[in-house]
Amino acid sequence: MKFGVVVFPGSNCDYDTFHVLRDVFDKETTFLWHKDHDLKNCDCIVLPGGFSYGDYLRSGAIARFSPLIQEITEFAQKGGIILGICNGFQVLLELGLIPGVMLRNKNLKFLCQHIHIRIENDQTPFTRSSKAGQILKIPIAHFDGNYYATPETLVELKKNDQIVFRYSDPDGSISEMANVNGSMENIAGLMNLDRNVLGMMPHPERASEALLGSADGKIIFESIIDYIESRK
Amino acid sequence: MIDKKLLEKHGLTFEEYNRIVDLIGKEPSYTELGIFSLMWSEHCSYKSSKIHLKKLPVTGENVIQGPGENAGIIDIGDGMAAVFKIESHNHPSFIEPYQGAATGVGGILRDIFTMGARPIALMNSLRFGPLSNSHNRSIIDGVVSGIAGYGNCMGVPTVGGEIYFHDSYALNPLVNVFCLGIAEHDKIFYAKAEGTGNPVLYIGSKTGRDGIHGATMASAEFGEDLEEKRPNVQVGDPFKEKLLLEACLEVMNKGLIVGIQDMGAAGLTCSSSEMASNSGTGIEINLDLVPQREEGMTPYEIMLSESQERMLLVATNKTVKEVQEIFAKWDLEAVIIGHVTDGNKLKVKAGGEIVVDVPVDAIVNSCPVYNRQSKKPACLSRIRNINLPAPPEDYNKAFLLVLSQPTIANKEWVYRQYDHMVQINTVFLPGAGASLLRLKGKNRALALTLDGNAVYCYLDPRTGGKIAVAEACRNLACIGARPLGVTNCLNFGNPEKPEIMWQFIETVEGIAEACKAFSIPVTGGNVSFYNETEGAPISPTPVLGIVGIVDDVHKAVSQGFKNEGDIILLLGKTKEELNGTVYLRALHGKEEGIPPQIDLAAEKKVQDFCIEAAAKKLIASANDISEGGLAVCLAESVFSAEAFLGCEVSLKDSIRTDALFFGETQSRIIVTVEPENLDTVLDLAGKRDIPITRIGKVNGQKIFIRHGEKPCIEVPVALAYNTWKNAIPKIFQIKS
Amino acid sequence: MKIRILISFKESILDPQGQTVKNALHTLGYDFIKDVRQGKVFELELDGISEDRMNEVVPEIAHKVLANPIIEKFDWKIIK
Amino acid sequence: MKIRILISFKESILDPQGQTVKNALHTLGYDFIKDVRQGKVFELELDGISEDRMNEVVPEIAHKVLANPIIEKFDWKIIK
Ligand SMILES: Nc1ncnc2c1ncn2[C@@H]1O[C@H](COP(=O)(O)OP(=O)(O)O)[C@@H](O)[C@H]1O
Ligand SMILES: [Mg+2]
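Everything numeric here is computed off the predicted structure, so don't read it as measured data.

Undergrad: Would you mind showing me how to read the site of ligand 1 here?
TA: All names here are of chain B. Around ligand 1 sit 17 residues, and of these Y46, G68, E69, E87 and N488 come closest. The side chain of E87 places a nitrogen or oxygen atom 2.8 Å from an oxygen atom of ligand 1. Between ligand 1 and G525, the relevant distance is 2.9 Å, taken from an oxygen atom to a main-chain nitrogen or oxygen of the residue. Calculation on ligand 1 without its partners gives an accessible area of 550 Å², and the protein chains cover 84% of this total. Elements with a minimum of two residues in the shell around ligand 1: β3 (80–88), β17 (482–491) and β18 (522–528). If you tally residues by element for the shell around ligand 1, the top one is β18, at 5 residues.

This is the structure:
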């Protein structure tokens, strides 16, 4: 199987994601330049973290006008697997592939730290190798990670089990304390209705090697690989 | 007409002006005068510091590039090199904290990637007035967000640094930024303008009127006219710089360019004349071709502008098209504005006329060098006679008070705002004495740290200089890293005052002596003078940035306690040294007397031992004793343990209890070992002639310290931790 | 021609930045300030476009590019 | 009473956000846009303050708290 990592101007977790997919998981991985119109036959598209267009205007707001977005949108409509991490998640929101928006973190500061998330739904291509209720120790690094949706949207999200990760305490309880950025319902990761597009604020690529403090994030890539390979 | 007033405005003396006329054989034009004013400023010419910086050792087997280039370079094996440098951005950060600090980060990043290295880590050393003051807090807030705003956007992790608070910085905050990059030996680039006829390209943001006379501003005291000097602040564009970084590395990787230089202080003037000077060539440029943001800019303004995110690049006529295509791909301008000439002259045309025509050598290498007067400050002997206050009644209270000093307390409020993990190399996160970065695919890892103690330097600059080097190396030794190279930023007051010059000379000589003792070369640095406002200077503040190497990243030692029952050992001997300590300042507001002294040979032995024991996997944790003394050192190891582990320690030395707990005697490290390794470690220490004392064990849920049989400090871990952890956030919430 | 577009949070959305500014102002003694809302302003210099086309295209730009309609509203006018 | 304070970079100061927005609008085909400057807007609800005092205090707030006069300028008016 083949991963494609999109490079927007200002992406800065592109190399990290590439490194983990190619060198840790030993999968064929390629960069996808935002000005091209070619997904190079990838099975999974990753929108990496960073500051596309400097996060000017709003995070993710300008990247959605990149040429490659057209192919990405079509890929999503055809059921292709897309993972948006951090800034990638923000792009997916701005694009409308996932509902809602990101507001500034509640303390109005950039936050970089390890946090814990609880897996809410293990029936997804992104979490099928995990168990619901499992806790992951994983880093976040963002300024705008305070998830917001209208009350109607929120009802839909819950009804359709679209919430995939929630910020939790290390023991798994969903508390206000654990909700570092102020997200509604402690939402840390969400997917679309068709379950093929996931956005998440935490960085699984930063938690894929034990040397760096946690390898808990691997389960997400393992799930995707398992899903795609089982489909082939 | 060039008169006294105009010269003064340009920071040039009459003698300097006459020298210029002699050198260029004519009266300089207005633009030429501006050029000399910048390049002969203290900031660019190092005219007051040069003769003293020569005392620093600059050679060593690992040195690829010593001082003189944008950054120093050391060999780290496998054909790889570490490129690093520190830079000050003090004056701009005071005037506009956010943008001043942000553009400081932008500047140091350019210094690194202009050499062909990909920046992999940033650090910063910050000094502010006391946190209790709301104006100081707003400066801190701005500076920290500015550093975060720029560094995070660039995708370069800010992995460490230091922050101190002291009255002397209230009107002169210090913002020193350090950057480290990695390059392959055969892909290192220099600021060269070789090959007559080669095109000279202007890359990046358009030129505006920002920052004109920035370097001159950094070369004068702030006085009553502060307001007037203000407009010299630029707004940074980290997004543009990220594009510049990627595009520059791409053209360098493809071997398409001859030379490149960032436009930092003194902008187009500095980059063009230095590149020519380095290559024994000349440069001719046409200002009409320079991309401009504002209308009606004069040649003077274009040449002196310090607009950010710009580079000057020399390509060849064969490669220039491909170079321009690569920059276009990254949405950047790359405009040919001139070419390399023979004849060693800088020639600048504008509107069809020649506005500058001077030998580059006169601009770059002919500034007078001063051996300024120095005199030991008279007040030093007075403040050296100190009566030590009586020891405290309640050691728990004293301990908690020391832990809550902002200088000691947890700095998470700061580093949580920095992305310190991007690039996924950060093995030890901020908060430890030194940061550790793996090199992907290699066993080897790089360790880095910034250090400097201005209180020691104020009381005894020579010793303070030595200790700054020793302490930085000690931080590295604790994790098992050998130091490889040094960069330093020397922040001082007005060098025209003999007392300041004395502090400077003493400090430099102290640093030089220590670097020689540790056999580590200085590969570069920065000097920031004139850190005074209305006549009040900062305490002398050298900041040392030291880069080291660990051969096997899996053997690196972290500072947190590891297992219940591990044995705590003290390396080194404690003397009764209380003057200049955080403890005396916290409890008694005293900053007097002779600070801790240092024996460099003994220090080196302790460090070598620690490195050897780490390589042999004999130690479980190590932490050096510095500010706050032994008690704080133990507390830090308790706080950085994965799960809270307390400790029980008993000290037997017959000196004052407060000196024993809070004294800052140098050359001491606390290590823990698993019981089965104890004998081997004691044995090794014996062989290496290292003073080593078994002082306790990792145990329980308290920090429990006795002097002899007498329990003195007995504090639950949670209480100590919360005191230390919440001290800074608490101050920021106070509404005053 | 120059136009100005103001973008602000809808009433229903909390504006923590505005709140922080309000608190800061209260600390400084400006306690007659009852509320602060923070928003963004864009000033656009336009050239070679008819007034009709402008009336059509500016709201489009504001809605599609400058504001996120889930949380933000906008307002615009000609200033020169 | 409600007032509005507009804050933006001085003309001579680089406005990276405005530039980036302009470039984005150009890629979308809105090439009649010659320049974009981005700024901040604050809407303050005031109570219990005379008009005279307000005229004195609002510029003070804008100057001292909301803007950095070295790089930013401001403008204000009563809107309600
Ligand atoms: N304290 C110092 N110790 C050693 N070298 C120094 C020191 N200060 C400056 N230098 C060296 O002098 C040269 C000029 O420095 P600087 O003007 O700061 O360079 P740049 O303008 O490129 O940042 C550099 O090579 C720098 O490394
Ligand atoms: Mg430089």
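Right, picking up where we left off after that structure.
Undergrad: Mind showing me how you'd approach the coordination of the magnesium ion (ligand 2) here?
TA: Angles at a metal have ideal values that depend on geometry: 109.5 degrees with four tetrahedral donors, 90 or 180 degrees with six octahedral donors. Residues and elements named next belong to chain B. In this structure, N70 (OD1) and D111 (OD) serve as the protein donors to the magnesium ion (ligand 2), at separations of 2.2 to 2.5 Å. One end of the pair, N70, is in the loop between β1 (63–65) and β2 (72–77); the other, D111, is in helix α7 (residues 97–113), with 41 residues separating them in the sequence. You'll find N70 and D111 in the same group, each marked buried.

Undergrad: Looking at this model, I keep getting lost on the pattern of salt bridges. Mind explaining?
TA: For side chains of opposite charge, pairing can occur when their charged atoms come near one another. One pass over the full model with this rule turns up 60 salt bridges over all chains. Here R474 of chain B makes a salt bridge to E603 of chain B, at a shortest N to O gap of 2.8 Å. Of the two residues, R474 of chain B sits in helix α20 (residues 461–479) while E603 of chain B sits in helix α23 (residues 600–615), which places them 129 residues apart along the sequence. Note on accessibility: R474 of chain B and E603 of chain B belong to one class, buried. The structure contains a network of salt bridges with shared partners spanning R118, E120, K158, R166 and E185 of chain A.

Undergrad: How do you make sense of the packing of helix α17 (residues 395–403) of chain B against helix α24 (residues 629–639) of chain B when you look at a structure like this?
TA: Residue and element names in this part refer to chain B. Across the interface, α17 lies against α24 with an axial gap of 11 Å and an inter-helix angle of 70°. Overall, the two elements α17 and α24 adopt an arrangement that is roughly perpendicular. By crossing handedness, the relation of α17 to α24 is classed as right-handed. Of α24, the residues touching α17 (which contributes F399, V402 and L403) are A631, V632, A635 and F639.

Undergrad: What should I look at first to understand the interface of chain A and chain B in this one?
TA: Reports often express the size of an interface as the amount of accessible area lost when the parts come together. Chain A puts 29 residues into the contact, and the matching count from chain B is 34 residues. Both sides of the chain A and chain B interface together cover about 2600 Å² of buried area, and 63% of this is carbon and sulfur. Three residues, C112, L211 and L212 of chain A, lead the burial of chain A against chain B; their summed loss comes to 22% of the area buried on that side. Where chain A meets chain B, there are 4 salt bridges. Put simply, chain A and chain B have 12 residue pairs in polar contact (both at pLDDT 80 or more) between them. Counting only elements with at least two residues in the side of chain A that touches chain B, the list comes to α1 (14–24), β6 (111–119) and β7 (135–142) of chain A. Within the side of chain A that touches chain B, the residues separate by chemical class into 15 nonpolar, 8 polar and 6 charged.

Undergrad: Help me out: how do you make sense of the sheet that holds strand β11 (residues 197–200) of chain A in this one?
TA: Through backbone hydrogen bonds, the strands of a sheet pair up, either in parallel or in antiparallel fashion. All names here are of chain A. On the basis of which strands lie adjacent, the open sheet formed by 9 strands has the order β2-β1-β3-β4-β11-β10-β9-β6-β7 and mixed pairing. The outermost strands of the open sheet, each flanked by one partner alone, are β2 (28–33) and β7. If you compare each strand with its neighbour and ignore which way they point, the axes differ by 25° on average. The sheet contacts of helix α2 (residues 69–77) involve β1 (2–7), β3 (44–47), β4 (81–85) and β11, and relative to β4 the element is tilted by about 125°. Sheet contacts for helix α5 (residues 218–231): β1, β3, β4, β7, β9 (163–168) and β11; angle to β4, the most-contacted strand, approximately 170°.

Undergrad: Teacher, can you tell me more about the confidence of the model for chain B here?
TA: When pLDDT drops low, the exact placement of atoms in the prediction is not to be read closely. Residues with a pLDDT of 70 or more make up 97% of chain B, whose mean pLDDT is 94. Long-range and interchain partners of residues 224–230 of chain B, a stretch whose pLDDT sits below 50, account for 7 contacts in this model, where long-range means more than four residues apart.

Undergrad: I'm lost on unusual backbone geometry in this one. Help?
TA: Where the residue is not glycine, phi is negative for most of them; where a peptide bond is considered, it is trans in most cases. Of note, the phi angle at E185 of chain A is positive, near 55°, even though the residue is not glycine. With respect to the secondary-structure elements, E185 of chain A resides in the loop between β9 and β10 (187–191). A positive phi angle is found at E309 of chain B, which is not glycine, with a value near 60°. Structurally, E309 of chain B is set in the loop between α13 (299–304) and β10 (310–315).

Undergrad: I keep staring at the relation of the copies chain C and chain D and nothing clicks. Help me out?
TA: Copy one and copy two of the chain differ by a rotation about a common axis and a shift along it. Overlaying chain C with chain D gives an RMSD of 0.3 Å, the required rotation being 180° about an axis along which the chain moves by 0.0 Å. Both copies of the chain, as the preceding transformation shows, are related through a two-fold rotation axis. Looking at the rotation axis and the C-alpha trace of chain C, the residue lying nearest is K40 of chain C, at 2.3 Å. Both copies share a contact surface, since 100% of the interface residues of chain C are interface residues in chain D too.

Undergrad: Explain the side chain of S11 of chain A here, please?
TA: Turning to its location among the elements, S11 of chain A is positioned in the loop between β1 and α1. Side-chain polar atoms of S11 of chain A contact the backbone nitrogen of F8 of chain A, separated by 2.9 Å. With residues near it in sequence (within four places) discarded, S11 of chain A still touches V6, P48, G49, G50, F51 and S52 of chain A together with K242 of chain B.

Undergrad: Can you walk me through the packing of aromatic side chains in this structure?
TA: Aromatic rings in a pair are described by how distant their centres are and how their planes are angled relative to each other. Under the counting rule described, the total for this entry stands at 23 aromatic pairs over all chains. Taking 5.2 Å as the distance between ring centres and 85° as the angle between the ring planes, the aromatic pair formed by F492 of chain B and F504 of chain B counts as edge-to-face. Residue F492 of chain B is found in the loop between β17 and α21 (498–518), and its partner F504 of chain B is found in helix α21; the two are separated by 12 residues along the sequence. Here F492 of chain B matches F504 of chain B in class, with each residue buried. Ring centres 6.1 Å apart and planes at 80° place the aromatic pair Y30 of chain C and F32 of chain C in the edge-to-face group. The burial state of Y30 of chain C is the same as that of F32 of chain C; both residues are buried. Each member of the aromatic cluster is reached from another via a ring pair, and the members are Y395, Y583, F661 and F662 of chain B. The ring of W33 of chain A has K329 of chain B lying over it, and the distance from NZ or CZ to the ring centre is 5.2 Å.

Undergrad: Where do I start with the interface of chain C and chain D in this structure?
TA: Counting from both sides, the interface comprises 32 residues of chain C and, opposite them, 32 residues of chain D. For the pairing of chain C and chain D, the buried interface totals around 2700 Å² over both sides, and the portion due to carbon and sulfur atoms is 68%. Three residues stand out in chain C for area buried against chain D, namely Y30, F32 and V41 of chain C, and they jointly supply 21% of the buried area on that side. Taken together, the connections running from chain C to chain D amount to 0 salt bridges. Counting every contact that joins chain C to chain D gives 12 residue pairs in polar contact (both at pLDDT 80 or more). Among the secondary structure elements, those contributing two or more residues to the side of chain C that touches chain D are β1 (2–9), α1 (16–27), β2 (33–46) and α2 (51–66) of chain C. Residue contributions to the side of chain C that touches chain D peak at 14 residues, all from β2 of chain C. Class assignment for the residues of the side of chain C that touches chain D results in 18 nonpolar, 3 polar and 11 charged.

About the criteria used
Residues numbered from 1 in each chain as written. Chains lettered and ligands numbered in written order. Predicted model: local features only at pLDDT ≥ 70, side-chain atom pairs only at ≥ 80, totals over all residues. Heavy atoms only, no water. Near = heavy atom within 4 Å. Polar contact = N/O pair within 3.5 Å; in protein donor to acceptor, adjacent residues only side chain to side chain. Areas by Shrake-Rupley, 256 points an atom, 1.4 Å probe, with all protein chains shown as cover. Helix = DSSP H or I, 4+ residues; strand = E, 2+ residues; numbered from the N terminus. Donors = N, O, S within 2.8 Å, 3.2 Å for Na, K, Ca; no water. Buried < 20%, exposed > 50% of the residue type's maximum accessible area, 1.4 Å probe, protein only. Salt bridge = Lys/Arg side-chain N within 4 Å of Asp/Glu carboxyl O. Axes fitted to C-alpha atoms, helices over the stretch in contact; angles between N-to-C directions. Parallel < 35°, antiparallel > 145°, perpendicular 65-115°, else oblique. Left-handed = near helix turned anticlockwise from the far one by under 90°. Contact = heavy atoms within 4.5 Å. Buried area = accessible area lost by both parts, 1.4 Å probe. Nonpolar A, V, L, I, M, F, W, Y, C, P; charged D, E, K, R; others polar. Pairing = 2+ DSSP bridges. pLDDT = per-residue confidence, 0-100. Least-squares fit on C-alpha atoms with pLDDT ≥ 70 in both. Phe/Tyr/Trp six-rings, centres within 6.5 Å; stacked < 30°, edge-to-face > 60°. Lys NZ or Arg CZ within 6 Å of the ring centre and 35° of its normal.

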